[in-house]
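Okay, here's what each chain looks like letter by letter:
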Amino acid sequence: MSTPVSEAVSKTISQTISQTISESGDTPRIVVAALYKFVTLNDFEALREPLRQTMVDNDVKGTLLLAKEGINGTVAGTREGIDALLAWLTADPRLTDIDHKESYCDEHPFYRTKVKLKREIVTLGVPGIDPNDTVGTYVEPENWNDIISDPEVLVIDTRNDYEVAIGSFEGAVDPKTTTFREFPEYVREHYNPEKHKKVAMFCTGGIRCEKASSFMLKEGFDEVYHLKGGVLNYLEKVPEEKSLWRGECFVFDNRVAVRHDLSEGSFEQCHACRMPISADDMQSSAYEPGISCPHCIDSLPEKTRAAARERQRQIELAKERGQPHPLGYNHREKLNA
């Protein structure tokens with residue numbers, strides 16, 4: 001047990017460290033935690049406010065989704081803040097083994113703290129699909145290369161087109177979907193359980209391919225595999241020299257993408273359409289910061305573009321004042337609603 005003297009010494013040491021950090025201009029790195037679990041939460045509405053308050057109390061920002069089928073989201077904060085949130089979550093016996101993966105960045109990737117109530121924590125839009133009831137075979141990252149190198153295995157990237165555009169696994173099929181809701185129709189139109197005996201799927205953090213595996217089994221596919229923990233878990237566990245991943249991995253925060261070592265990637269993001277944009281894209285005449293890029297110059301309606309112009313003006317004003325600024329308009333929020 002701590003004595004008053006030891007407590008005072010500990011406090012002095014802590015204050016000295018904090019002062020040194022402040023004077024040196026260094027700040028602790030931000031921990032980015034992607035977490036989810038499919039689990040029946042009949043009281044999910046009641047969890048919203050205490051969960052949000054726990055995040056606020058520990059200065060954790062980002063968005064968590066709650067539904068009867070479970071919890072999903074990405075948040076960021078100090079090491080202490082993330083640990084406090086995880087401690088609160090895992091105190092609930094239903095969430096003791098919640099899946100979570102971490103990476104790091106120097107600046108906070110989120111501006112707000114949100115907890116939203118949803119029908120699904122990842123929207124597939126097909127009634128009766130429940131990973132808590134039926135799910136495919138989890139594949140550890142260390143065994144993933146063997147699975148996707150098997151010529152008899154159909155490998156499907158369950159992410160959306162703008163994610164696949166900047167990186168994927170060798171030989172994986174790109175469904176060219178713009179939302180996860182389109183995945184069921186894509187599968188029904190292109191694949192037959194009688195012909196495609198083995199299917200392996202992956203996504204960013206594991207949640208979409210887990211739900212997709214449940215759907216595939218319900219559709220009659222016999223052998224369905226999915227990458228446990230998703231691409232982020234693979235990049236963390238598999239050495240780059242042995243990796244079959246090519247490119248960068250899109251992430252849903254202000255880093256836009258991460259490299260194989262999970263450091264921040266080379267892409268920026270168009271604040272009008274939220275597409276990842278390269279250095280070459282930003283040299284295009286179609287690129288206007290916050291307003292348009294080569295991906296959306298011909299597709300966004302003028303009303304949307306006017307809103308983007310106003311949002312960009314607010315962003316610039318916030319930068320001048322040294323204040324956190326709002327994100328750009330995200331037309332996919334309506335598509336995924």
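Residues numbered from 1 in each chain as written. Predicted model: local features only at pLDDT ≥ 70, side-chain atom pairs only at ≥ 80, totals over all residues. Heavy atoms only, no water.

Novice: In this structure, what is going on with the overall build of the protein? I would like to understand it.
Specialist: Check the secondary structure of the protein and you find ten helices and 15 strands. Long-range pairs, those at least 24 residues apart, make up 68% of the contacts in the protein between residues at least 6 apart in sequence. Only carbon and sulfur atoms are counted for the fraction: they give 49% of the accessible area of the protein, which is about 17200 Å². (Helix = DSSP H or I, 4+ residues; strand = E, 2+ residues; numbered from the N terminus. Contact = heavy atoms within 4.5 Å. Areas by Shrake-Rupley, 256 points an atom, 1.4 Å probe, with all protein chains shown as cover.)

Novice: Help me understand the pairing of strand S10 (residues 223-227) in this model?
Specialist: Looking along a regular strand, one sees side chains alternate from face to face of the sheet. Among the five residues of S10, four are classified as buried, and the element is accordingly described as predominantly covered. Strand direction decides the pairing type here: strand S6 (residues 137-139) and S10, joined by three bridges, are parallel. Bridged to Thr137 within S10 is Tyr225. Of the strand pairs in this sheet, strand S9 (residues 198-202) and S10 are connected by four bridges, and their pairing is parallel. By the bridge assignment for S10, Met201 is matched with His226. (Buried < 20%, exposed > 50% of the residue type's maximum accessible area, 1.4 Å probe, protein only. Pairing = 2+ DSSP bridges.)

Novice: How do you make sense of helix H9 (residues 302-321) when you look at a structure like this?
Specialist: Given 3.6 residues per helical turn, the α-helix brings residues three or four places apart onto the same face. Helix length check: H9, at 20 residues, gives a terminal C-alpha distance of 29 Å against a target of 28 Å (1.5 Å per residue), a fit within 8%. Of the positions making up H9, those classed as buried are Thr304, Arg305, Ala308, Gln312, Ile315 and Ala318. Seen from one end, H9 has its buried residues packed into an arc of 130°, which puts them on one side. Exposed and facing more than 90 degrees away from the buried side of H9 are Glu302, Lys303, Glu320 and Arg321. Note on H9: the residue one or two positions beyond its end, Gly322, has a positive phi of about 70°. (Expected span 1.5 Å × (residues − 1). Arc of directions from axis to C-beta.)

Novice: What exactly am I supposed to notice about the sheet that holds S9 here?
Specialist: Pairing between the strands of a sheet comes from backbone hydrogen bonds, and it takes one of two forms, parallel or antiparallel. An order of S6-S10-S9-S7 is seen for the four strands of this open sheet, with the pairing classed as parallel. The two strands at the open ends of the sheet, each matched to only one other strand, are S6 and strand S7 (153-157). Taken over all neighbouring pairs, the strand axes of this sheet differ in orientation by 25° on average, direction set aside. By the bridge criterion, five bridges tie S7 to S9 in an arrangement that is parallel. Along S9, the bridge assignment pairs Val153 with Lys198. (Axes fitted to C-alpha atoms, helices over the stretch in contact; angles between N-to-C directions.)

Novice: What's the story with the side chain of His196 in this structure? I'm lost.
Specialist: On the secondary structure map, His196 appears in the loop between helix H6 (183-190) and S9. We classify His196 as buried; its relative accessible area is 16%.

Novice: Can you walk me through unusual backbone geometry in this structure?
Specialist: A negative phi angle is the norm for most residues apart from glycine, just as the trans form is the norm for most peptide bonds. Here the phi dihedral of Val256 falls at roughly 75°; this positive angle occurs in a residue that is not glycine. By the secondary structure assignment, Val256 is in the loop between strand S12 (249-250) and strand S13 (257-258). Phi is positive for Leu262, close to 70°, though the residue is something other than glycine. According to the relative accessible area criterion, Leu262 is buried, its value standing at 12%.

Novice: I would appreciate a short explanation of the packing of helix H2 (residues 44-57) against helix H3 (residues 79-90) in the present structure.
Specialist: Any two packed helices are characterised by the angle at which their axes cross and by the distance between the axes. Their axes nearest at 9 Å, the elements H2 and H3 cross at an angle of 155°. The angle between the axes of H2 and H3 places the two elements in the roughly antiparallel class. Note that H2 runs across H3; the crossing there is right-handed. Of the residues in H3, those touching H2 at Leu47, Pro50, Leu51, Thr54 and Met55 are Leu85, Trp88 and Leu89. Across the contact of H2 with H3, the residue classes tally to seven nonpolar, one polar and no charged. (Parallel < 35°, antiparallel > 145°, perpendicular 65-115°, else oblique. Left-handed = near helix turned anticlockwise from the far one by under 90°. Nonpolar A, V, L, I, M, F, W, Y, C, P; charged D, E, K, R; others polar.)

Novice: Teacher, can you tell me more about the packing of aromatic side chains here?
Specialist: Each pair of aromatic rings is reported with the distance of its centres and the angle of its planes. A complete count under the given rule lists ten aromatic pairs for this structure. Judged by centre distance (6.0 Å) and plane angle (75°), the ring pair of Tyr36 and Phe38 falls under edge-to-face. Exposure class is identical for Tyr36 and Phe38. Each is buried. With a centroid separation of 5.0 Å and an interplanar angle of 85°, the aromatic rings of Phe169 and Trp245 are classed as edge-to-face. (Phe/Tyr/Trp six-rings, centres within 6.5 Å; stacked < 30°, edge-to-face > 60°.)

Novice: Before we go on, may I ask you to explain a positive patch on the surface in this structure?
Specialist: There is a patch of like positive charges on the surface, built from Arg112, Lys114, Lys116, Lys118 and Arg311. Structurally, the position occupied by Lys116 is in strand S5 (residues 113-117). Residue classification places Lys116 among the partly exposed positions, given a relative accessible area of 31%. (Patch = residues over 30% accessible without salt bridge, like charges linked within 9 Å, V, L, I, M, F, W, Y side chains within 5 Å. Salt bridge = Lys/Arg side-chain N within 4 Å of Asp/Glu carboxyl O. Lys, Arg positive; Asp, Glu negative; His and termini not counted. Charge placed at Lys NZ, Arg CZ, Asp CG, Glu CD.)

Novice: How should I be thinking about H3 in this particular structure?
Specialist: Under the 1.5 Å per step criterion, the end-to-end length of H3 is 16 Å for twelve residues, consistent within 8% with the ideal 16 Å. For H3, the full list of buried residues reads Gly81, Ile82, Leu85, Leu86 and Leu89. Buried residues of H3 fall within an arc of 130° about the axis and therefore sit on the same side. Buried residues along H3 sit in contact with strand S1 (30-38), H2, strand S3 (70-77) and strand S4 (99-105).

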